[in-house]
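# Inside the fold
Listed here are the chains, written in short residue letters.
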Amino acid sequence: MLTGTVRFSRAFETHKLQRKLNPFILLHGPPGTGKTSLCLGLAQKISIRLSSTYKSTKLIQIKTAVLLSKYYSESAKHVDDIFNMIISMCEERSDGFICVLVDEVESIASSREFSTQHGESLDSMRATNALLTGLDRTAGYSNVVFLFTSNLCDALEPAFLDRCGSKEFVGPPRTVEQYEILRSVLEKLVACQVIQPAVHIPKYNDATLQAMRGISTKHLPGCKLLEIVEMMHASTTKLGTSISGRSLGRLPEKALMKYLREEDCDLDLALDFLRRCVLETLSIDKSGADDPEVEVREQKNSKAQEQGWNDSSDSMIETEPESIFGEFDILGATRREVDPDASIDATTGAVHGAGTKRKLDTAKPCTMFRKRMNGPDEGNYGNAEKRTKL
């Protein structure tokens, strides 16, 4: 479509006619679906297909956050300067093609009606006007195309949407894309020798054919990864949610960082970690309740917690000490009468009272102290005492 748009633009320019279809393409959709990466791929594709027509292709990526200024009317001036530069490049290099990528265009193309109704500053309206004027000025050049991305298509200016020659929705990845994203990330981990030994992961079509053969192929990496993807797709469909491509690409590394405790990791273990991470990420506890591995792990964790240990961090779970009865003793030290209001300094072994400081005999480290606390009688139990651990 892009090459067709450029071809028509050259035909209209040759006959000195004004074209009706502007070379402006808008990709909109939820965050993390790869809109910016897709625009970069489109620019690369254009440079290849138009290599016989244009000697070179230049990509200009504009960050809209840089164009905004705290000074009044400076934002509009920055937008206008950008278009002046683009026009001068188109005129000076007629044999070169220019792709302009404007990411997050809603920053400078927000709805003017919405801005006026909600008390926004007029500076944003001036920036939108400068953008619309600049697009009209560059519409007559055949060697430039604009690629826009936005997460908030409903908040864009209707006049801007009307100028776009093509508006395409980029949604969350489907089952095939999910499989290929996870496969590419796992292959990178294998290439970096994080996962050993090196095992080939088949593509989606080959993995589907392997899964159709029956139970004998379920242990293969492609079938395991396909099962994870199908489980993920079924769960997101049931819950009415979706997972972005950006979040999906982070799952293998996140799973290894969260569950890997050994130095070596093979592909089967990595896929097991990935499956567990997917279950936790999508919060599908009901689906994982019937899983034997999850059930065994939960029983192990509950047993470990009863023993006072945390299996995930390998550290003892400290609980509040219970109240006991006894006397203030220091092992290896002389028993002394201590002021109840005094505080114990474990580093120096000194007791600080009200304006006094008395040295105690040498105490061993990690000594258990028991401090008498004078309080009201509680039935027949006598004085209430408390045990603290330093």
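Refer to the structure above for everything that follows.
Residues numbered from 1 in each chain as written. Predicted model: local features only at pLDDT ≥ 70, side-chain atom pairs only at ≥ 80, totals over all residues. Heavy atoms only, no water.

### As for the overall build of the protein chain
- Looking only at helices and strands, the protein chain features 14 helices and twelve strands.
- Per-residue burial over the protein chain gives 36% buried out of 390 residues.
- Across the protein chain, contacts joining residues at least 24 apart in sequence account for 68% of those joining residues at least 6 apart.
- Carbon and sulfur atoms form 52% of the exposed surface of the protein chain, whose accessible area is close to 24200 Å². (Helix = DSSP H or I, 4+ residues; strand = E, 2+ residues; numbered from the N terminus. Buried < 20%, exposed > 50% of the residue type's maximum accessible area, 1.4 Å probe, protein only. Contact = heavy atoms within 4.5 Å. Areas by Shrake-Rupley, 256 points an atom, 1.4 Å probe, with all protein chains shown as cover.)

### Regarding the pattern of salt bridges
- According to the stated counting rule, one finds ten salt bridges in the structure shown.
- In this structure, D136 engages R163 in a salt bridge whose closest nitrogen and oxygen atoms are separated by 2.9 Å. Remark: R163 occurs in helix α7 (residues 158-163) and D136 occurs in helix α6 (residues 122-138); sequence separation between them is 27 residues.
- According to the relative accessible area criterion, D136 is partly exposed, its value standing at 43%. (Salt bridge = Lys/Arg side-chain N within 4 Å of Asp/Glu carboxyl O.)

### Description of the sheet that holds strand β1 (residues 24-28)
- Strands sit in the order β2-β3-β4-β1-β5 across an open sheet of five strands; the sheet is parallel. Of all strands in the sheet, those with a lone pairing partner are β2 (56-63) and β5 (166-169), marking the two edges. For this sheet the average axis-to-axis angle between neighbouring strands, irrespective of direction, equals 20 degrees.
- Sitting on the sheet, α6 is in contact with β1 and β4 (144-150), with an inclination near 150 degrees to β4. (Pairing = 2+ DSSP bridges. Axes fitted to C-alpha atoms, helices over the stretch in contact; angles between N-to-C directions.)

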